[in-house]
Amino acid sequence: SGSGVLKTLNLDANELDLPKLRGTDPVESLDLSRKSLGPASAIVIASLIAGNAVLTTVDLTCNTICGIDVDGAGEYDASGIVALADALKVNGVLTSLELWDNKIGDEGAAALA
């Protein structure tokens, strides 16, 4: 029998390790690069890292967190990058959020500024 706590979540065909994102299985760095993570995944990640008091680095490079892939295909959706920007405002520990090759656009850049 389990503890009733969700430990993994499959989003965008990838299994997210919730305890590591939440900080209940503490790690200082998470590599989530090249996983085709979209806006919904970014929102979930943001909600979990907002309260994580251990995680200092998250690598989200080469994903589609704004809905557009590296070739420019897809529909722009800033909800994921805005959620990540909001998480950064309340998380005083996270010092590195790597986002290159995510086509964050002007709206995403403004949210992060």
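Just above, that's the structure.
Report on the accompanying structure. Because the structure is predicted, anything quoted here is derived from the model rather than measured.

Conventions and cut-offs
- Residues numbered from 1 in each chain as written.
- Predicted model: local features only at pLDDT ≥ 70, side-chain atom pairs only at ≥ 80, totals over all residues.
- Heavy atoms only, no water.
- Pairing = 2+ DSSP bridges.
- Helix = DSSP H or I, 4+ residues; strand = E, 2+ residues; numbered from the N terminus.
- Axes fitted to C-alpha atoms, helices over the stretch in contact; angles between N-to-C directions.
- Parallel < 35°, antiparallel > 145°, perpendicular 65-115°, else oblique.
- Contact = heavy atoms within 4.5 Å.
- Nonpolar A, V, L, I, M, F, W, Y, C, P; charged D, E, K, R; others polar.
- Polar contact = N/O pair within 3.5 Å; in protein donor to acceptor, adjacent residues only side chain to side chain.

## Quick look at the sheet that holds strand β4 (residues 57-59)
Overall, parallel pairing links the three strands, which are arranged β3-β4-β5 in an open sheet. The open sheet has two free edges, formed respectively by β3 (29-31) and β5 (96-98), since each of these has just one partner strand. Across the sheet, the mean angle separating the axes of adjacent strands is 0° when strand polarity is ignored. Sheet topology note: the β3/β4 ladder contains three bridges and is parallel. Residue D31 lies in a different strand from β4, and its bridge partner there is D59.

## Considerations on the packing of helix α3 (residues 79-90) against helix α4 (residues 105-112)
Viewed as axis vectors pointing N to C, α3 and α4 meet at an angle of 10°, and their least axial separation amounts to 8 Å. Overall, the two elements α3 and α4 adopt an arrangement that is roughly parallel. Two secondary-structure elements touch here, α3 through I81, V82, A85 and L88 and α4 through G108, A111 and L112. For the contact of α3 with α4, the class distribution of residues is six nonpolar, one polar and no charged.

## Digging into the side chain of S33
Tracing the backbone shows S33 in the loop between β3 and α2 (39-49). Looking at S33, its side chain comes within polar contact range of the side chain of D31, at 2.6 Å. What S33 contacts, discounting residues up to four positions off in sequence, is D59, L60, T61 and N63.

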